[in-house]
Amino acid sequence: MPTTLSVTIAPNLVLCNPVMSASGTFAYGVEYEPFFDIQRLGAMVCKGTTLEPRDGNPQPRTVETAGGMLNSIGLQNMGVDRLVADMAPIWAGWRLPVLVNIAGERVEDYARLARRLDGVAGVAGIEVNISCPNVSKGSMEFGTSASATQEVLRGVRGATSLPVVAKLSPNVTDITETARAAEAGGADAISLINTIAGMDIDAGSGRVYMGGLSGPAVKPVALRMVYRVVGAVQVPVIGCGGIATGRDAAEFLMVGATAVQVGTANFANPHACLDVLEGLVAFMEESGAEDVSQLMGAAR
Ligand SMILES: Cc1cc2nc3c(=O)[nH]c(=O)nc-3n(C[C@H](O)[C@H](O)[C@H](O)COP(=O)(O)O)c2cc1C
């Protein structure tokens, strides 16, 4: 029996399979073309994009930890104008849908970015990264406040007819509050989790390092948050956090995710996204599932 893999993450965004690359770990896609046929993926999310180009933070920007890594890249990116001029025309020739991950410092930044991307050939959707400091509110992350989350999503929703995915921050007490706020603001889907705030210290030098934790270490946290959010909203949920194998992906689908994103695993293994896809198909064959929808929510 052929395996049916297609999933719908927004009314006008159907993916040929549920495996996506996560923002900031797959650059602009072209960098991974030498490794495998990236067109086989369900979708790609590009690096976080801001209104102006950014150089990012000084080195070191990444530190390896037990079971994962910390990063503080500082949103190094080419800026939306160059992305529209140089990258979107390449993506327009692909069958792989590309979502642009957007980041801002003010609610208006997000709306302006969404307006700039609206109708651009090669851009299939927008993922809103709300794990950014809100400069109008003492640099507290937008994503730690339900009202700021709703405001950002409402601004984006009003500025574009593209599918809009809200990417939630895990650095909150109750993830269902920000999930509901994102849905109320008009998100077509919700992705989670972004990195978990963490730090490292070198006992020898006393040097400390602050950053966002990702990789296998965060998977149990991500899985639980996805489970809870699926129970709290009506829109599709995209699971992300420590996914490196087809079995990991299957677990996120079983707790109710509609699709998954592969992040940190791409750094250790540039074929990780494809391995996850092929591993998921193998898992479905072993477990007798003919349609990926049979996995979705099977463990709820
Ligand atoms: C080096 C690095 C850069 C990232 N950049 C972004 C970004 O620009 N925008 C975003 O929303 N998430 C970004 N993320 C978060 C990932 O997309 C993902 O949500 C997180 O790492 C958890 O998934 P993982 O454990 O599979 O990596 C970044 C993660 C890493 C490790």
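Residues numbered from 1 in each chain as written. Predicted model: local features only at pLDDT ≥ 70, side-chain atom pairs only at ≥ 80, totals over all residues. Heavy atoms only, no water.

Quick look at the packing of aromatic side chains
Right, on to step 1. With the rule as written, the count across this model stands at 4 aromatic pairs.
Right, on to step 2. When the centroid spacing of 6.4 Å and the interplanar angle of 55° are considered together, the rings of Phe26 and Phe36 count as tilted. Here Phe26, found in the loop between β3 (19-21) and β4 (43-45), pairs with Phe36, found in the loop between β3 and β4; they are 10 residues apart in sequence, far enough to count as distant.
Right, on to step 3. Taking relative accessible area as the criterion, Phe36 reaches 8% and is therefore assigned buried. (Phe/Tyr/Trp six-rings, centres within 6.5 Å; stacked < 30°, edge-to-face > 60°. Helix = DSSP H or I, 4+ residues; strand = E, 2+ residues; numbered from the N terminus. Buried < 20%, exposed > 50% of the residue type's maximum accessible area, 1.4 Å probe, protein only.)

Quick look at the sheet that holds β3
Right, on to step 1. What the 8 strands build is a closed barrel, ordered β3-β4-β7-β8-β11-β12-β15-β16; its pairing is parallel. Put simply, the sheet's adjacent strands are angled 25° from each other on average, direction ignored.
Right, on to step 2. Sheet strands in contact with helix α2 (residues 107-117) are β7 (98-102) and β8 (125-129), and its direction is about 155° off that of β7.
Right, on to step 3. Helix α3 (residues 146-157) contacts β7, β8 and β11 (164-167) of the sheet and is inclined by roughly 160° relative to β11. (Pairing = 2+ DSSP bridges. Axes fitted to C-alpha atoms, helices over the stretch in contact; angles between N-to-C directions. Contact = heavy atoms within 4.5 Å.)

Description of the sheet that holds strand β6 (residues 68-71)
Right, on to step 1. Spatially, β5-β6-β14-β13 is the arrangement adopted by the 4 strands of the open sheet, whose pairing is antiparallel. Two strands close off the open sheet at either side, each with one partner strand: β5 (62-65) and β13 (196-201). When strand polarity is set aside, the average angle formed by the axes of neighbouring strands in this sheet is 40°.
Right, on to step 2. Pairing analysis gives 3 bridges linking β6 to strand β14 (residues 208-214), with the strands arranged antiparallel. When the sheet's bridge partners are listed, Asn71 is paired in β14 with Gly212.

Some thoughts on the pattern of salt bridges
Right, on to step 1. Going through the model one piece at a time under the given rule, you end up with 10 salt bridges.
Right, on to step 2. With its nearest N and O atoms 2.8 Å apart, the salt bridge here joins Arg116 to Asp81. Here Arg116 is found in helix α2, whereas its partner Asp81 is found in helix α1 (residues 80-91), with 35 residues between them in sequence.
Right, on to step 3. Put simply, Arg157 and Asp188 hold a salt bridge, and the shortest N to O gap is 2.9 Å. Here the residue Arg157 occupies a position in helix α3, and Asp188 occupies one in the loop between α4 (175-184) and β12 (189-192), the gap between them amounting to 31 residues. (Salt bridge = Lys/Arg side-chain N within 4 Å of Asp/Glu carboxyl O.)

Brief notes about the site of the ligand
Right, on to step 1. Neighbouring residues of the ligand: 24 residues in total, closest Ser23, Lys167, Gly215, Gly242 and Thr264.
Right, on to step 2. One of the side-chain nitrogen or oxygen atoms of Lys167 is found 2.8 Å away from an oxygen atom of the ligand.
Right, on to step 3. The backbone of Gly215 places a nitrogen or oxygen atom 2.8 Å from an oxygen atom of the ligand.
Right, on to step 4. Here the ligand loses 96% of its free accessible area of 610 Å² to cover by the protein chains.
Right, on to step 5. Of the residues that constitute the shell around the ligand, the class distribution is 7 nonpolar, 15 polar and 2 charged. (Near = heavy atom within 4 Å. Polar contact = N/O pair within 3.5 Å; in protein donor to acceptor, adjacent residues only side chain to side chain. Areas by Shrake-Rupley, 256 points an atom, 1.4 Å probe, with all protein chains shown as cover. Nonpolar A, V, L, I, M, F, W, Y, C, P; charged D, E, K, R; others polar.)

Describing the pairing of β5
Right, on to step 1. By the bridge criterion, 4 bridges tie β5 to β6 in an arrangement that is antiparallel. By the bridge assignment for β6, Thr65 is matched with Gly68.
Right, on to step 2. Between β5 and the antiparallel strand that follows it, β6, lie 2 residues; Gly67 among them carries a positive phi value of about 70°.

Description of the environment of Met20
Right, on to step 1. With respect to the helices and strands, the residue Met20 is situated in strand β3.
Right, on to step 2. Owing to a relative accessible area of 0%, Met20 belongs among the buried residues under this scheme.
Right, on to step 3. Each C-alpha atom of the pair Met20 and Ile238 lies 9.2 Å from the other, and the pair is 218 residues apart in sequence.
Right, on to step 4. Setting aside its immediate chain neighbours within four residues, Met20 contacts Ile9, Leu15, Ala43, Val45, Leu99, Ile238, Ala259, Val260, Gln261, Val262 and Cys273.

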